[in-house]
Amino acid sequence: GAGVSQTPSNKVTEKGKYVELRCDPISGHTALYWYRQSLGQGPEFLIYFQGTGAADDSGLPNDRFFAVRPEGSVSTLKIQRTERGDSAVYLCASSPSPGRSGANVLTFGAGSRLTVL
Amino acid sequence: DQQVKQNSPSLSVQEGRISILNCDYTNSMFDYFLWYKKYPAEGPTFLISISSIKDKNEDGRFTVFLNKSAKHLSLHIVPSQPGDSAVYFCAAGDTGTASKLTFGTGTRLQVTL
């Protein structure tokens, strides 16, 4: 697509529930990133995919968080047993392959705002 | 451990004047830096970047200055326009870790008439 698309734009859930957030990156971008932005903070790195594989998942806060990108395009961030502290805007970004022109510039989607009650 | 710091949470500037947003970093492995602009309910959008081999990069009204010895960079916007009102994030990356970026906490710029 023309830009990075994220769904849903807003998600309200109850503590303990399971949540999936979806990201559709720019067509042809092999690199995909998930970030989390809490109120008053900058985006915080969660995980980076190069193609289908998670090249760096060092930012995932704990094992309740998991992300997949089975076909190298769309990615899903999965959060199990949600907690109130998970409330944040989850941002997805994509970029061209490392070494390609513009690879250092991430293009972000509008984000999915998650509220855990 | 905040590796990228934006110490001014907000800044107010009159239309037509210069806006200067500052950013400090601690990780000497960072070798490229970007500024992103964010409007409410939108994702951050890329504004301008600079490699560590340069000390200045200019794009229209926007100029980024890098002082590697001080581990400091700044974004200059001149002349400032009301449409520039947004939150500005400084971000830094290390080529050795792909395109993973570390962001500052942002500075909210308000350009007044």
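What counts as what
Residues numbered from 1 in each chain as written. Chains lettered and ligands numbered in written order. Predicted model: local features only at pLDDT ≥ 70, side-chain atom pairs only at ≥ 80, totals over all residues. Heavy atoms only, no water. Helix = DSSP H or I, 4+ residues; strand = E, 2+ residues; numbered from the N terminus. Buried < 20%, exposed > 50% of the residue type's maximum accessible area, 1.4 Å probe, protein only. Rg over C-alpha atoms; globule rule 2.2 N^0.38 Å. Contact = heavy atoms within 4.5 Å. Polar contact = N/O pair within 3.5 Å; in protein donor to acceptor, adjacent residues only side chain to side chain. Buried area = accessible area lost by both parts, 1.4 Å probe. Nonpolar A, V, L, I, M, F, W, Y, C, P; charged D, E, K, R; others polar. Core = buried A, V, L, I, M, F, W, Y, C linked by side-chain atoms within 4.5 Å. Phe/Tyr/Trp six-rings, centres within 6.5 Å; stacked < 30°, edge-to-face > 60°.

**Digging into the overall build of chain A**
No. 1: In terms of regular secondary structure, chain A is built from zero helices and 11 strands.
No. 2: Moving toward the C terminus, one meets the helices and strands of chain A in the order β-β-β-β-β-β-β-β-β-β-β.
No. 3: Referenced to the eigenvectors of the C-alpha coordinate spread, the extents of chain A come out at roughly 40 × 25 × 25 Å.
No. 4: Residue burial in chain A is summarised as follows: out of 117 residues, 46% are buried.

**Description of the overall build of chain B**
No. 1: A tally of regular secondary structure across chain B gives zero helices and 11 strands.
No. 2: Moving toward the C terminus, one meets the helices and strands of chain B in the order β-β-β-β-β-β-β-β-β-β-β.
No. 3: Here the C-alpha radius of gyration of chain B, 13 Å, is about what a compact globule of 113 residues would show, namely 13 Å.
No. 4: In chain B, which comprises 113 residues, the proportion classed as buried is 44%.

**Focus: the environment of Ser85(B)**
Residue and element names in this part refer to chain B.
No. 1: Mapping Ser85 onto the fold places it in the loop between strand 8 (72-77) and strand 9 (86-93).
No. 2: Separated by 25 residues in the primary sequence, Ser85 and Gln110 place their C-alpha atoms 4.7 Å from one another.
No. 3: Beyond its immediate chain neighbours, meaning those up to four positions away, Ser85 contacts Tyr39, Leu109, Gln110 and Val111.
No. 4: Looking at Ser85, its side chain comes within polar contact range of the main-chain oxygen of Pro82, at 3.0 Å.
No. 5: Of the polar contacts made by the side chain of Ser85, one reaches the backbone nitrogen of Val111; its length is 2.9 Å.

**Here we look at the interface of chain A and chain B**
No. 1: Each partner contributes to the interface: chain A provides 20 residues, whereas chain B provides 17 residues.
No. 2: Counting the surface lost from both chain A and chain B, the interface buries some 1400 Å², and carbon and sulfur atoms represent 60% of this.
No. 3: If you sort the residues of chain A by the area they bury against chain B, Pro43(A), Asn104(A) and Phe108(A) come out on top, with a joint share of 32%.
No. 4: Along the lines of polarity and charge, the residues of the side of chain A that touches chain B split into 11 nonpolar, eight polar and one charged.

**Thoughts on the nonpolar core**
No. 1: Phe33(B), Trp35(B), Leu73(B), Leu75(B) and Tyr88(B) are the most contacted members of the largest nonpolar core, which has 23 residues in total.
No. 2: Among the secondary structure elements, those contributing two or more residues to this core are strand 3 (19-25), strand 4 (32-38), strand 5 (45-51), strand 7 (62-67), strand 8, strand 9 and strand 11 (107-112) of chain B.

**Points about the packing of aromatic side chains**
No. 1: According to the stated counting rule, one finds 12 aromatic pairs over all chains in the structure shown.
No. 2: With 5.7 Å between their ring centres and 65° between their planes, Tyr35(A) and Phe108(A) make a pair best called edge-to-face. Of this pair, Tyr35(A) sits in strand 4 (residues 31-37) while Phe108(A) sits in strand 10 (residues 107-108), placing them 73 residues apart in sequence. Of the two residues examined, Tyr35(A) and Phe108(A), each falls in the buried class.
No. 3: Measuring from ring centre to ring centre gives 5.5 Å for Phe108(A) and Tyr36(B), while their planes differ by 85°; the resulting arrangement is edge-to-face. Taken as a pair, Phe108(A) in strand 10 and Tyr36(B) in strand 4 lie in two separate chains rather than in one.
No. 4: Of the residues examined, Tyr36(B) reaches a relative accessible area of 0% and is grouped as buried.
No. 5: Through successive ring pairs, a cluster of aromatic residues spans Tyr33(A), Tyr35(A), Phe45(A), Tyr48(A), Phe108(A), Tyr36(B), Phe46(B), Phe89(B) and Phe103(B).

**Some points on the environment of Phe46(B)**
No. 1: Looking at the secondary structure, you find Phe46(B) in strand 5.
No. 2: Expressed as a C-alpha distance, the spacing of Phe46(B) and Phe89(B), which sit 43 residues apart in the sequence, is 9.6 Å.
No. 3: If we skip the residues at most four places from it in the chain, Phe46(B) touches Val105(A), Leu34(B), Trp35(B) and Tyr36(B).

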